[in-house]
Amino acid sequence: MFDLLKLRIRHGKQAIPDIRKAKVMEAFRGFPIIDETRSWNGGVGCKEICPTGAIDVNPLRIDLGKCIFCGECEKFSDGAIKFSNQYRLGSSKRESLVIASSKIFEEFDNTAIEAKKEIHKLFGRSLKLRQVSAGGCNGCELELNAASNVNFDMGRFGIDFVASPRHADGVVITGPISSNMAPALKDAYNSISEPKIVIAVGACAISGGLFADSNQINRKFFDEVPVNLFIPGCPPHPFTFIHALLDFLGK
Amino acid sequence: MSWCEIKNLQSVPLDEIPQLEYSSLKTKIIEKISEGCRVVQFFGDKLKDCVALYIVLADDEQSKLFAASTLFSEGGSFESITPEVQSFHLFEREFYEQFGIKPVGHPWLKPARKGIAGISSEENQYEFFTMEGEEVHEVGVGPIHAGIIEPGHFRFSCHGEQIYHLEIELGFQHRGVEDLFLKNKNKPEFLLNLSESITGDTVIGHAGTFARAIESLGETDVSRKSIIIRTIASELERIGIHLGDLSALAGDVAYLTGNSSFGAMRTKIINSTMAICGSRFGHSLIAVGGVNYDINKELKENISQTLNKLEEDVELAAEVLFSSSSVLARFEKTGVVSFETAKEIGLVGPAARASGVALDVRTDHPYDGFTLFPVHKLTLKSGDVFARAYIRYVEIIQSIKIIRELLESPVEGELKKPSNDLLPKRFVVSMSEGWRGEIVHAGITDEEGQLKRYKIKDPSFNNWIAVALAVRNNGISDFPLCNKSFNLSYSGFDL
Ligand code: SF4
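Rules used throughout
Residues numbered from 1 in each chain as written. Chains lettered and ligands numbered in written order. Predicted model: local features only at pLDDT ≥ 70, side-chain atom pairs only at ≥ 80, totals over all residues. Heavy atoms only, no water. Helix = DSSP H or I, 4+ residues; strand = E, 2+ residues; numbered from the N terminus. Rg over C-alpha atoms; globule rule 2.2 N^0.38 Å. Contact = heavy atoms within 4.5 Å. Areas by Shrake-Rupley, 256 points an atom, 1.4 Å probe, with all protein chains shown as cover. Lys, Arg positive; Asp, Glu negative; His and termini not counted. Charge placed at Lys NZ, Arg CZ, Asp CG, Glu CD. Near = heavy atom within 4 Å. Nonpolar A, V, L, I, M, F, W, Y, C, P; charged D, E, K, R; others polar. Buried area = accessible area lost by both parts, 1.4 Å probe. Salt bridge = Lys/Arg side-chain N within 4 Å of Asp/Glu carboxyl O. Polar contact = N/O pair within 3.5 Å; in protein donor to acceptor, adjacent residues only side chain to side chain. Pairing = 2+ DSSP bridges. Expected span 1.5 Å × (residues − 1). Buried < 20%, exposed > 50% of the residue type's maximum accessible area, 1.4 Å probe, protein only. Axes fitted to C-alpha atoms, helices over the stretch in contact; angles between N-to-C directions. Core = buried A, V, L, I, M, F, W, Y, C linked by side-chain atoms within 4.5 Å. Domains from an automatic or database assignment.

1. Comments concerning the overall build of chain B
Then, in step 1: Helix and strand counts for chain B stand at 17 helices and 15 strands.
Then, in step 2: Computed over C-alpha atoms, the radius of gyration of chain B comes to 22 Å, within 12% of the 23 Å expected from 2.2 N^0.38 for 495 residues, which places it in the range of a compact globule.
Then, in step 3: Taking the principal axes of its C-alpha atoms as reference, chain B extends roughly 70 × 60 × 40 Å.
Then, in step 4: A sequence separation of at least 24 residues applies to 67% of the contacts in chain B between residues at least 6 apart.
Then, in step 5: About 17500 Å² of surface is accessible on chain B, with carbon and sulfur atoms providing 50% of the total.
Then, in step 6: Each charge class in chain B can be summarised by its mean position, and for the 51 positive and 69 negative side chains these summaries are 3 Å apart.

Structure, rendered in structure tokens:
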């Protein structure tokens, strides 16, 4: 009994008080800052080195939907690419994830996610999500679990993961969609009643990531079903996920 | 010479692996097994008009590995070893599935991974075991499970609440990882990232195993400094996941104090990993030839402070958790795997140690920092959920001590040395102790020094069968708890 009290006292308050103002440490690789003036040589080398083909040149740009934030390009870029620790990377439009030197973080942040009135009205106070891992490596899954832990405590915003798709307002997809999971994902999606939202989490779900070239994946689902929210990362930090949702819900 | 004797990470010319007639190889395998060896790799490689099968056995006491091979013509068959040595069952099934060479007499030739090409469609239509009788019923779960967890299908045959039999069907996560290794053999950066994503909960474990295999194949040198950083990262990974598992196990028995306190401790540890390399799971830290990030003085200070606090916290939380009668009532005698069963099925990792099987690659086949700082093997006896939980606690404390020692050792030298081209026609086995247990990669290069086969074995490959056996005669409501106490990987198994 005594130990239990001691443990509770030592545990204290773990929840991050104001998620909106929270910062992550410098070391974290988030929104890239691109300085085109220095990319005359580095750009091509970067394009070659990028494992997921996220980099294109003329002008130098990075597709955050493909990027796994490995940081390799930074080393080869001669200062043309630098990853900041800005973790707000979510977007409701796929095109917005392509970052060039003309796009600074503030502009991206103001435009990437559009808070729609009807979404706020429908889900603003309560959003229940069904997660489906379709070839995910357990990286995104762990971070999505972490979003609900004592530190991040996403539940305080009325956003929770639920077990049954019948109880859910939307589906959160991780993984490149392995062929063996494609039918189950479709079933889960179909079981959610309208109106429903689709969230793609991580480079694999958004673009196939490292597995884009595999013949064991089947991404037809995304041809048929529009995605409402893209959350880049490998895996995305829980803050990235929570912030994107809060913006999306207009909170 | 019927075996090529090697060590972990010792690459040898491919020609030195003896090629035997299968029948004599089988006799030799059984002989070695009876002397106390166990199988760590068993995989095929497609040659021009035939298939080579490579077998690697480990003598853990003497830190030796024994490799041999045999050739099969296409569509051939061989006499299954499984009836005599059960731990071969899945290796043979996988080999059959990938190359179509049939193990004759195999008692359970179920596809290793659901619906993956290689074997006839007829055999792909696998029928689950069924049970008949009054009050007998089946419960099917998955591929999609209740929580945020990877997919797999579980089918329980129950009598009332009691589980008689559990059949597990995996393969839903199959992404063609081994093929991608060969497809991208010219892109070393890609391969390193891919190895990190074999299973995203064992980033350091698999990436380290891969990097060491490639270093060995190219005789690339690494500095003492970089192996120390790698080893620190691998122990941080172990601590982080073990804390997460203790948190989840407490959650599974509705013990919320344990759930939240272990959970909060985990956050601090994985944030330490992020402070080193920018990723909470250690992405981009490991490189072929060393590491990409340093642990400077300030970081060192921070990590030791975090560990000091953690040690006190974890001891207190464990004291509370493991003395709570409501927790013990659920943990003790639940999901028992006996020592004999563990040996027979070839269990590895903390799960094996919880059943009294003293296996730990860090001690048995040391690599990286463990060549400098030997690790003492820890085991428990009861093989139940309690033991699998408690061993995690014990290992957390052990890993804290290991990291402390490593942090104190002087680290000079460069972070990353230039990596050499791979030598042609070589063979290497790279083993390591991931938090889940023994990871074994094997690599073969061709005449041009390019990877021609890269085989991966996650510890989950050994251990999934233990989940099926552990739940027998337990209540079905204890399944989530049993399952979590193993915490096996789907993606690492499915590849
Ligand atoms: S950080 Fe992103 S863009 Fe740069 S090399 Fe890695 S994956 Fe490519």
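Now, onward.
2. Some words on the site of the ligand
Then, in step 1: In the vicinity of the ligand lie 13 residues, with Cys50, Cys67, Cys70, Gly71 and Cys73 of chain A positioned nearest.
Then, in step 2: Considered class by class, the residues forming the shell around the ligand number eleven nonpolar, two polar and no charged.

3. A few points about the interface of chain B and chain A
Bring the parts together and some accessible area is lost; that lost area is often taken as the interface size.
Then, in step 1: Between chain B and chain A, the residue contacts involve 59 residues of the former and 59 residues of the latter.
Then, in step 2: Roughly 4700 Å² is buried in total at the junction of chain B and chain A, and carbon and sulfur atoms are behind 58% of that figure.
Then, in step 3: Our count for the chain B to chain A interface comes out at three salt bridges.
Then, in step 4: Of the charged contacts, one joins Glu143 of chain A and Arg280 of chain B as a salt bridge, the two residues approaching to 2.6 Å between their closest N and O atoms.
Then, in step 5: Taken together, the connections running from chain B to chain A amount to 26 residue pairs in polar contact (both at pLDDT 80 or more).
Then, in step 6: Put simply, the parts of the chain that give the side of chain B that touches chain A at least two residues each are helix H4 (177–183), helix H5 (188–196), helix H8 (256–277) and helix H9 (297–321) of chain B.
Then, in step 7: The element best represented in the side of chain B that touches chain A is H8 of chain B, accounting for twelve residues.

4. Some details on the sheet that holds strand S13 (residues 426–434) of chain B
Strand pairing in a sheet relies on backbone hydrogen bonds. The paired strands run either parallel or antiparallel.
Residues and elements named next belong to chain B.
Then, in step 1: On the basis of which strands lie adjacent, the open sheet formed by four strands has the order S2-S13-S14-S15 and antiparallel pairing. Looking at the sheet topology across the chains shown, the edges are occupied by strand S2 (12–13) and strand S15 (451–457).
Then, in step 2: For S2 and S13, the ladder comprises two bridges, and the chain directions are antiparallel. Looking at S13, one finds that Pro13 is bridged to Arg426.

5. Examining helix H7 (residues 224–252) of chain B
Residue and element names in this part refer to chain B.
Then, in step 1: Between the first and last C-alpha of H7 there are 42 Å, a value that for 29 residues agrees with the 42 Å anticipated at 1.5 Å per step.
Then, in step 2: Burial runs high along H7: 25 of the 29 residues are buried.
Then, in step 3: Directly beyond the C-terminal end of H7, a positive phi value near 60 degrees is found at Ala254.

6. A closer look at the sheet that holds strand S5 (residues 64–73) of chain B
Residues and elements named next belong to chain B.
Then, in step 1: Read across the open sheet, the four strands follow the order S1-S5-S4-S3; overall the sheet is antiparallel. Edge strands, defined here as strands with exactly one partner in the open sheet, are strand S1 (4–6) and strand S3 (38–46). If you compare each strand with its neighbour and ignore which way they point, the axes differ by 25 degrees on average.
Then, in step 2: Contacts from helix H1 (residues 22–34) reach S3, strand S4 (50–59) and S5 within the one sheet, and its direction differs from that of S5 by about 155 degrees.
Then, in step 3: Of the strands in this sheet, S3, S4 and S5 touch helix H2 (residues 89–99), which is tilted by about 5 degrees from S3.

7. Some points on the nonpolar core
Then, in step 1: Ranked by size, the top nonpolar core spans 158 residues in total, and within it Phe42, Leu310, Phe331 and Phe427 of chain B carry the most contacts.
Then, in step 2: Here this core takes eleven residues from helix H14 (residues 385–408) of chain B, the largest share from any one element.
Then, in step 3: Residues Phe123, Ala134, Ala168 and Ala205 of chain A belong to the second largest nonpolar core, which totals 79 residues.

8. Brief notes about the pairing of S5 of chain B
Residue and element names in this part refer to chain B.
Then, in step 1: Taken across its ten residues, S5 has seven buried, putting it largely inside the fold.
Then, in step 2: Relative to S5, S1 runs antiparallel, the two sharing three bridges. Bridge pairing in S5 links Ile6 to Leu65.
Then, in step 3: Bridging between S4 and S5 involves ten bridges; their strand directions are antiparallel. For Cys50, the partnering residue across the bridge sits in S5 and is Ser73.
Then, in step 4: Hairpin connection from S4 to S5: four residues lie between these consecutive antiparallel strands, with Ser63 at a positive phi of about 50 degrees.

9. Looking at the domain arrangement of chain B
All names here are of chain B.
Then, in step 1: According to the domain assignment, chain B consists of domain 1 (4–104) and domain 2 (177–459).
Then, in step 2: The gap between the C-alpha centroids of domain 1 and domain 2 is 27 Å.
Then, in step 3: Facing the 33 residues of domain 1 at the interface are 32 residues of domain 2.
Then, in step 4: Across the interface of domain 1 and domain 2, roughly 2600 Å² is buried in total on both sides, 56% from carbon and sulfur atoms.
Then, in step 5: Where domain 1 packs against domain 2, one counts four salt bridges.
Then, in step 6: With a shortest N-O distance of 2.5 Å, Glu438 and Arg38 are connected by a salt bridge.
Then, in step 7: Along the contact surface separating domain 1 from domain 2 lie 18 residue pairs in polar contact (both at pLDDT 80 or more).
Then, in step 8: In terms of residue count, the dominant contributor to the side of domain 1 that touches domain 2 is S3 (seven residues).
Then, in step 9: Its residues placed into classes, the side of domain 1 that touches domain 2 shows 16 nonpolar, nine polar and eight charged.

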